[in-house]
Structures are given as structure tokens and as C-alpha cells.
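# Breakdown of the fold
Read off the chains here:
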Amino acid sequence: MGVLASCRLMSCEDDLGTLVMVAKYPMPNKSKTRLGKVIGYKESASFAMAMLEDLLHRYGTLDGVHRILLYAPLEARGKFEKLLESHMLQDAWELLPMTGGDNDPTSTDLGDRLKAALRRVRKLSKNSYGSTLTPATDTTSIAGKLKPSTSGTVGFVGSDCVDLSIFDIRNLLQTVSAGRGYDAMILPALDGGYVGLALSEDVPASVFDGVVWSDSTTCVSQLQALTRSGVKSVMIGDSFPDIDEIDDLRRLYKRLSKLSQEERTLNGVSRTWGILKTLSRQLQSNENVNDEKGEKHDVKEAKGVAGSSQEINKNALCAKNGDKDLTVDAVSPALKLQLQDA
């Protein structure tokens, strides 16, 4: 993430599209529960909130991007409004409720709700083309000052990968919006999921149908869904760690501890680091953590890769789902999969 400063020097005049960040309001016993079993449920909720706040600030500085916070549950609307206002970000983010099911972004019908969100975001852009955004029946315009993207590109990210820099987000959106020949770009997670997905305006909402969520084969499953929807050209980008288990948290602590306070501020992780410091005794209690994957992802670098992209993504694409090998050929022989150089 050390490229944040250099990113400010990049041309940000182009309309790169819409960035949708999926977020569940952090609450004890509801957020990061696997971490909560180890560090305490109140502490895991505080950690989730710190990451959310850091990412809202970080991505809120992106020019040329319409930013939407896809939130759950529905009744948390007022809390999210207050959160944005307390950080003076009410003009930076558009609130969009996640509809369908119990509005829990981790439940099994996540694909249906992402599909619905994609359609609503695209409809919003078309209906508001060239005009100042006004409240709609299915959106919340906090200040009426946000302008929708005129680009059909839509990118989805979560709220638990603080290693994803604004450089990575710009590259994610630019890859499918700048005439590079790609219909989609996906950023794998080291655990087999993915932390980012960008779709061009021609990609149908059916790309979320049949995806296996919260599984070690989620990334491959998403690639298969892209294939079924007729997507021919996908860029597989760098792999990133997300934070679900205690060892993930320990590795993040060790990465951030190597930065100076100035670097942590520049990289937009001050709130996350503040919570991690309060947990330092617990996180340092086991020094025999396997850092083979996590430590090679340097928070100061844009690459964010454990080993080479080719090695990681080859391993991801060869993951198993039951008795069936999921390989590039199983995804689709016609699908153009290009591995981004590390």
C-alpha cells in the first residue's frame, strides 16, 4: 500500500465506473465471529469497525469513481448514516441497502443480492446520466451531491482486506474500463475466495448465479459462473490476504508493526493498527505462526503477492470441489485467462 502517495499523482479525470463496497454493520456476536471465539466478540467487532472506517476513508479519496456502500442489515441504515457523518464522509459515499434474504452478506443467497445490486447500480447510472444524483426508491442519497458514473463498469470489494490499496482499486476498474480488452478482472484471496471483482457494462448480472460462497473454491466458482454467462476475457490479478482467522490477524499485526506511524497514516491503517495494539499480547502469544503466505505480502508494496501471481492462481485454479478438479480447462477452454505479472 505504499503506492498511495504516488497514486495521488496519477491522472484521476477519467470516469472509471462505480465502486461497490459490501459491508455488514459491525456488532458483537455478528461480526468476525471466528476471531471473536479467540479474542472476544466485542474486540472482533471493534476490529471489523476499524477496518471499515479505514477503508471508507481510503476509497473515499478516489477521484473518477462513484462510490456505493452496499450495506446490511436494512435496519442499520441510520447507523451507517451516522458513521459516515461522524467521519465527514457523507458526500463521499452513496448508501444502498442490500435486498433479499436476511440481508446478511455472508449467507448463502449472497449471489442473488449481488446480482440485484449490480442491476440497481446500472439502472441508477442510466437514469441519472449527466445529472446530479437525487434520492431514488431503492437508494439513499445522503447529501444529494454525488454524481453517478457514466461508465458501465462496476467493481465489488469487501470491507475486510486492508491490504487493498487505492492503486489496486484503480487498476481493478481501469482494466475493464480503459479499452484493454477485458470484460472482467478478479483479485483472488489467499484462502481461495476473492477480494475484488470488476465487470464491464456488457457482463450480465447472471455472473453471480451458482457461485459457491465462503468456500476454498469461491474464486474458481466465480470464474466458472463468468464462463457460463459468456464472459470471454478475464484478468486474474494479484492475490491478497483477508482477515478471518486468528493467524490472519497475527500476520496483519506483524506486517503493520514493521511500518512507522507515518507510514501507517499514509497507508490508511491507523484505526486498524490502534485496535491491533490493544490485542498485541494475545497476538504475540504464539510466535510459531506459519507466515509462509502472509509475510510475503508486504503492506508497503502494490503487488500483494505470495510468490508469483502465476503460481498462486495456478494453485487456485487447480483447487478441488468434491471429486472434481477445477482447472483452467474445467472453467472453459474458450475463456481467456491472463495472469498479471507480479
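Parameters at a glance
Residues numbered from 1 in each chain as written. Predicted model: local features only at pLDDT ≥ 70, side-chain atom pairs only at ≥ 80, totals over all residues. Heavy atoms only, no water. Helix = DSSP H or I, 4+ residues; strand = E, 2+ residues; numbered from the N terminus. Buried < 20%, exposed > 50% of the residue type's maximum accessible area, 1.4 Å probe, protein only. Lys, Arg positive; Asp, Glu negative; His and termini not counted. Salt bridge = Lys/Arg side-chain N within 4 Å of Asp/Glu carboxyl O. Contact = heavy atoms within 4.5 Å. Phe/Tyr/Trp six-rings, centres within 6.5 Å; stacked < 30°, edge-to-face > 60°. pLDDT = per-residue confidence, 0-100. Pairing = 2+ DSSP bridges. Core = buried A, V, L, I, M, F, W, Y, C linked by side-chain atoms within 4.5 Å. Axes fitted to C-alpha atoms, helices over the stretch in contact; angles between N-to-C directions. Parallel < 35°, antiparallel > 145°, perpendicular 65-115°, else oblique. Left-handed = near helix turned anticlockwise from the far one by under 90°. Nonpolar A, V, L, I, M, F, W, Y, C, P; charged D, E, K, R; others polar.

Bringing the side chain of R122 into the picture now. Structurally, R122 can be placed in helix α5 (residues 110–127). Nearest to the buried, unbridged R122 among oppositely charged side chains is E201, at 7.4 Å. Not counting the four nearest positions on each side in its chain, R122 is found in contact with G152, V154, L199, S200, E201, V203, P204 and A205.

Our focus in this paragraph is the packing of aromatic side chains. In total, this model carries five aromatic pairs according to the counting rule given. Their ring planes at 50° and their centres at 6.3 Å tell us that Y194 and W213 sit as a pair that is tilted. Of this pair, Y194 sits in strand β6 (residues 194–199) while W213 sits in the loop between β6 and α7 (218–228), and the two are 19 residues apart along the sequence. A relative accessible area of 16% places W213 in the buried class. Geometrically, the ring pair formed by Y253 and W273 is stacked, given 5.3 Å between the ring centres and 20° between the ring planes. Remark: W273 occurs in helix α10 (residues 270–278) and Y253 occurs in helix α8 (residues 246–257); sequence separation between them is 20 residues. Judged by relative accessible area, Y253 falls into the buried class, the value being 10%. Through a chain of ring-to-ring contacts, three or more aromatic side chains come together here, namely Y25, Y71 and F80.

We now examine the confidence of the model for the protein. Model confidence for the protein is summarised by a mean pLDDT of 77, while 69% of its residues fall at 70 or above. Within the model, pLDDT remains below 50 along residues 1–12, and this stretch shows 37 contacts once partners closer than five positions in the same chain are excluded. Low pLDDT, under 50, characterises residues 338–342; the stretch is placed with 20 contacts to residues that sit more than four places away or in other chains.

The next subject is the environment of D91. If you trace the backbone, D91 turns up in the loop between α4 (77–86) and β3 (94–97). For the pair D91 and G60, spaced 31 residues apart in the sequence, the C-alpha separation amounts to 9.1 Å.

Let's shift gears to the pattern of salt bridges. A side chain with one charge can pair with a side chain of the opposite charge if their charged atoms come near. Following the criterion strictly, the structure yields eleven salt bridges and no others. Between E245 and R34 there is a salt bridge whose closest N-O contact spans 2.8 Å. Residue E245 is located in the loop between β7 (233–236) and α8, and its partner R34 is located in helix α2 (residues 33–39); the two are separated by 211 residues in the primary sequence. According to the relative accessible area criterion, E245 is partly exposed, its value standing at 35%. Residue class for R34 comes out partly exposed when judged on its relative accessible area of 46%. Here the salt bridges do not stand alone but share partners, grouping K32, R34, D160, D244 and E245 into one network.

Burial of the side chains of β7 extends over both faces: S233 and M235 are buried on one face and V234 and I236 on the other. Two elements, strand β5 (residues 184–188) and β7, share three bridges in a ladder whose sense is parallel. By the bridge assignment for β7, A184 is matched with V234.

What follows deals with the environment of K37. Tracing the backbone through its elements, the reader meets K37 in helix α2. Taking relative accessible area as the criterion, K37 reaches 64% and is therefore assigned exposed. Taking the C-alpha atoms as reference, K37 lies 9.8 Å from E245; in sequence the two are 208 residues apart.

A few words on the nonpolar core. Grouped together as the largest cluster of nonpolar side chains are 38 residues, with contacts concentrated most on M21, L56, Y59, F80, W93 and L164. Those elements that place two or more of their residues in this core are β1 (17–24), α3 (41–59), β2 (65–72), α4, α6 (166–177), β5 and β6. Setting aside chain neighbours within four positions, we find L56 in contact with M21, L69, L83, L84, L89 and W93. Among the nonpolar cores identified, the runner-up in size contains 33 residues, and I68, L110, A117 and W213 belong to it.

Attention shifts here to the packing of α3 against α10. Where α3 contacts α10, the axes come no closer than 7 Å and their chain directions differ by 160°. As summarised for this structure, α3 and α10 are arranged roughly antiparallel, according to the angle between their axes. Remark: the crossing between α3 and α10 carries left-handed chirality. Only S270, R271, T272, I275 and L276 of α10 make contact with α3, whose side of the interface consists of S46, F47, A50, M51, E53, D54 and H57. A breakdown of the residues in the contact of α3 with α10 according to their chemical character gives five nonpolar, four polar and three charged.

The next subject is unusual backbone geometry. Excluding glycine, a negative phi dihedral is what most residues carry, and trans is how most peptide bonds are arranged. Here the amide bond leading from A72 into P73 is cis, since omega sits at -5°, within 30 degrees of zero. With respect to the helices and strands, P73 occurs in the loop between β2 and α4. A positive phi angle, near 55°, is found at M88, a position not held by glycine. The topology assignment puts M88 in the loop between α4 and β3. The exposure class of M88 is exposed, given its relative accessible area of 73%. Positioned with a positive phi, S214 is a non-glycine residue whose angle comes to about 55°. Examined against the element boundaries, S214 turns out to sit in the loop between β6 and α7.

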